[in-house]
Amino acid sequence: MPFEVPPWEDGAEIIDFMPMTSAGNGIGATKKSKKKKPKKKKSKAAAEAETAPANGGFRYRPGGGPLAPPADTSSDDEADDELRAMHKVRSGGVEKQRPPVQTTKGGKKQLGLKPELAQAALEAMEVTPATTEAAPSLANKLQTELLGGRFRYINEQLYTMNSHKAEAMFRSDASAFDAYHAGYRQQVEKWPANPLNRIIKTVKRLPKTTIIGDFGCGDGKLAQSLPNKVFSMDLVASRGDIIPCNITNTPLEPQCLDVAVYCLSLMGTNLNDFFLEANRVLKLHGSVYIAEIQSRFEDARDFVRSVGACGFDLVKKDVAVNYFYFFHFKKMRHVDKAVKLKPFSLKPCLYRKR
């Protein structure tokens, strides 16, 4: 029996679908919108209860009648200042008023004191005894600064003039020498080491019969540290055993010394005169020990050649030490002081203001 498909109308039910609405890209179903519940309005009594003060619900409202208090026009900042002032008065700490600050033409601030107050302050400073701790410290500081300034000035003069002008300067002002060496001692305290101590240690190895000349001795520490015979010489004598003289023209006899020492004393623009005088007073094969600040040398070899022209040969040099150079020369020949040599000098050592 052949297979027979029944007619469409007889074998299926026709279902009617509800039309669909597109959302966004046309795909999706409609969503039922939720209805928002209406908020309940608070009653006027409840609102006043929330904003009412905590003191039993009582609120002060100033009236507007003729007997009403004046309106408060002060700001919160003014009220805070008044509360702080009241607190300070109650606690016993009343703040003193500061004097007004005035500005000068240069933009610097200065206290604007009344003339009578300024005069009273000056009189108080004059009659205040120097027994307090603040007064001596201030005086010492000012004295140190003045001393340092004068030392730097004299130091610069000594490095940039010859020894004859330096001698005339100290003769015209006897206090300049003391001021210079006082400032010099302050500088020594700032150095990593005192080069004179190394020279003292070196010379102590020599026989006690060695005769020494200390050229530019200062306070004569070398003579005080050795058992040897030491001729201490400088432009001004700070002690009775120091010979005041220009170290380019000393009163010593020719060839009377075994050792000549120049420790930080090669100051001046005529160093050839220094070493020609050393050649005159030293015995043949006598030694010269030199210590100088490292920054004064542009080229140590030029210095060695210049000293060699005065009759000395280099034995040893130590230029590896920080801050100082050390030299040891020997007199190998006599050179007359009348010989004309090219003047030479070292760079000046100018101390900066601190």
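Procedures and definitions
Residues numbered from 1 in each chain as written. Predicted model: local features only at pLDDT ≥ 70, side-chain atom pairs only at ≥ 80, totals over all residues. Heavy atoms only, no water. UniProt positions renumbered as here; feature names shortened; annotations may be inferred. Helix = DSSP H or I, 4+ residues; strand = E, 2+ residues; numbered from the N terminus. Buried < 20%, exposed > 50% of the residue type's maximum accessible area, 1.4 Å probe, protein only. Contact = heavy atoms within 4.5 Å. Polar contact = N/O pair within 3.5 Å; in protein donor to acceptor, adjacent residues only side chain to side chain. Phe/Tyr/Trp six-rings, centres within 6.5 Å; stacked < 30°, edge-to-face > 60°. Lys NZ or Arg CZ within 6 Å of the ring centre and 35° of its normal. 1 Å grid on protein atoms, 1.4 Å probe; cavity = no way out; pocket = protein on both sides within 12 Å on 5 of 7 lines; lining within 4 Å. Points joined across faces, edges and corners; volume = space filled by probe spheres on them. Nonpolar A, V, L, I, M, F, W, Y, C, P; charged D, E, K, R; others polar.

An unreviewed UniProt entry lists the protein under the name Ribosomal RNA-processing protein 8, with Drosophila pseudoobscura pseudoobscura as the source organism. In the Subcellular location (unreviewed entry) part of its UniProt record, the protein is described as follows: "Nucleus, Nucleolus". UniProt annotates the protein under Sequence similarities (unreviewed entry) with the comment "Belongs to the methyltransferase superfamily. RRP8 family."

Asker: What exactly am I supposed to notice about the environment of S238 here?
Answerer: With respect to the helices and strands, S238 occurs in the loop between strand 4 (229–234) and strand 5 (242–244). S238 sits in the partly exposed class, given a relative accessible area of 41%. When the C-alpha atoms of S238 and G220 are compared, they prove to be 8.4 Å apart, with 18 residues separating the residues in sequence. What S238 contacts, discounting residues up to four positions off in sequence, is F177, G218 and D219. Within polar-contact distance, the side chain of S238 engages the backbone oxygen of G218 at 3.5 Å.

Asker: Mind showing me how you'd approach the packing of aromatic side chains here?
Answerer: Two aromatic rings are characterised by how far apart their centres lie and by the angle between their planes. In total, this model carries 19 aromatic pairs according to the counting rule given. When the ring of Y184 is compared with that of W191, the centres are 5.9 Å apart and the planes differ by 80°; the resulting orientation is edge-to-face. The same class applies to Y184 and to W191, which are both buried. Each residue in the set F215, Y262, F275, F297, F303, F312, Y325, F327, F329 and F344 is aromatic and connected to the rest through ring pairs, giving one cluster. The cationic tip of R198 hangs over the ring face of F326; the distance from NZ or CZ to the ring centre is 4.1 Å. Taking the ring centre of F231 as reference, the NZ or CZ of K229 above it sits at 4.8 Å.

Asker: I tried to follow the layout of surface pockets on my own but got confused; where do I start?
Answerer: Over the atoms, a rolling probe the size of a water molecule traces out where space has been left empty. The calculated volume of the largest pocket comes to roughly 590 Å³. What lines the largest pocket is a set of 30 residues, and nearest its centre among them are H181, G216, C217, G218 and D234. A total of six residues in the lining of the largest pocket trace back to one element, the largest contributor, which is helix 7 (residues 174–190). Looking at the lining of the largest pocket, its residues break down into 16 nonpolar, nine polar and five charged.

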